[in-house]
Amino acid sequence: MGSGFAAAPDEKNKASTPQPLWLTEHHPNLKSLLQEVEGRIAALARSEVELLDEAGQYVVSGRGKRLRPALLLLSAEACGGVNPLALETAAVVELIHTASLVHDDVLDEASARRGKASARALWGNKVSVLLGDYLLCRAVCRLEEIAADSMVDKLLITTQQMCEGQISEITETGGGLNEARYLKIITQKTASLMGFCCWLGACAVGLKFGTAFQIADDIHDLIGSQESSGKPVNNDLRQKKVTLPLIFSLRRAEEEERAFLQSALSQETLSEGQLGEMRRIAIACGGVDYAWSVCRKYLEEARGALLSLAEARPTHGGQAYQALLLSCGEAFPLPVMA
Ligand code: FPP
Ligand code: MG
């Protein structure tokens, strides 16, 4: 098992314990990626209320291992690449984790955290409860701004599980706790957030494919036929839903055609003739071609992500995969960044 975890304080053990194996030393970009995330974490923890701002900046600085952002970034890379969404969500998960530790220190009456005095030791329990609440809300709001609803839903379920794990831990005390309950509790309070981090990182592939899929579906709704898809077409237009071919057409069409599109989109109902003219304009001014090109770009990215996932198998020596393996092996569970 990992050196960082196995280290025991007595002299005998110290001599035989190898140096910690930092994950960042085994992955070419992890350290610089985590450094990029740092600024985002600090920005997310800001408040215009002086006390919250001071306490927020205090708890997010300090000797945090940044294990959760590291898991998220490595999962993203193993599944095709770290993008701005992965960097921003890495900050979100660290903020959630920090919020949970601020609350945990209240529950555990702990005086130190991350190598310095805990928030409750400095500001007391009342401020700490509100600080944890504030950081949690900031993180959820940010995720809502930048990510898919399914990610926000999953985060909320994860935090529910963390609360359930914590409450079980403080109520199910004493010698009666069996192994199965113990495993359930630590899965909820600790593993659930780490699992969420890996899931969030891995979402990159699914999101690319899903975006390509929906663009293709929207093109088909505009110019396809019921025979080929087995479902009615032009439904988007009938409901004045503007999809990518039309968005492009509204941007590029000549004045007269643009005016026609705008006026058609503001009408209650559309005749077959109007629908036909809208389709014609979307094709003629390149909206459909443009939508296909965007669709192909997303598909390429999804394909590239899947290929790099295949390449990341251990036999091919993929670095992200290897770093993830390390985090489950020699580097388990502590060291991330030297
Ligand atoms: C540390 O456990 C605590 C956790 C891993 C989870 C804490 C979760 C909550 C307080 C509920 C969720 C709250 C929010 C704001 C999302 P520990 O006490 O065993 O570890 P420690 O030794 O580091 O204190
Ligand atoms: Mg604790």
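Reference entry: report on the structure contained in this document.

Thresholds, definitions, all that
- Residues numbered from 1 in each chain as written.
- Chains lettered and ligands numbered in written order.
- Predicted model: local features only at pLDDT ≥ 70, side-chain atom pairs only at ≥ 80, totals over all residues.
- Heavy atoms only, no water.
- 1 Å grid on protein atoms, 1.4 Å probe; cavity = no way out; pocket = protein on both sides within 12 Å on 5 of 7 lines; lining within 4 Å.
- Points joined across faces, edges and corners; volume = space filled by probe spheres on them.
- Helix = DSSP H or I, 4+ residues; strand = E, 2+ residues; numbered from the N terminus.
- Nonpolar A, V, L, I, M, F, W, Y, C, P; charged D, E, K, R; others polar.
- Core = buried A, V, L, I, M, F, W, Y, C linked by side-chain atoms within 4.5 Å.
- Buried < 20%, exposed > 50% of the residue type's maximum accessible area, 1.4 Å probe, protein only.
- Contact = heavy atoms within 4.5 Å.
- Donors = N, O, S within 2.8 Å, 3.2 Å for Na, K, Ca; no water.

Scanning the entire structure with this criterion turns up one cavity of 30 Å³ or more. Computed from the structure, the largest cavity encloses a volume of approximately 100 Å³. Residue lining of the largest cavity: Tyr-58, Val-59, Thr-98, Leu-101, Val-102, Asp-105, Arg-113, Arg-114, Lys-116, Ala-117, Ser-118 and Ala-119, and that is the complete set. For the lining of the largest cavity, the secondary structure elements donating two or more residues are α4 (50-60), α6 (84-108) and β2 (116-117). In terms of residue count, α6 provides more of the lining of the largest cavity than any other element does, four residues in total. Looking at the lining of the largest cavity residue by residue, the classes come out as six nonpolar, two polar and four charged.

Moving on, we get to the nonpolar core. Judged by nonpolar contacts, the single largest core of 47 residues is most densely connected at Val-59, Leu-73, Leu-95, Leu-131 and Leu-143. For this core, the elements supplying multiple residues, two or more each, are α3 (30-44), α4, α5 (67-78), α6, α7 (119-146), α8 (149-171) and α9 (179-223). Here the element with the most residues in this core is α6; it accounts for ten residues. If near-sequence neighbours (up to four positions away) are discounted, Leu-73 is found in contact with Leu-30, Leu-33, Leu-34, Val-37, Val-82, Ala-86, Leu-87 and Ala-90. With 21 residues, the next largest nonpolar core counts Ala-264, Leu-270, Val-288 and Val-294 among its residues.

At this site the magnesium ion (ligand 2) is bound by Asp-104 (OD) and Asp-108 (OD), with donor distances of 1.9 to 2.1 Å. Separated by four residues within a single helix, Asp-104 and Asp-108 lie in helix α6, roughly one turn from each other. Relative accessible area serves as the criterion here: at 12%, Asp-104 is assigned to the buried category.

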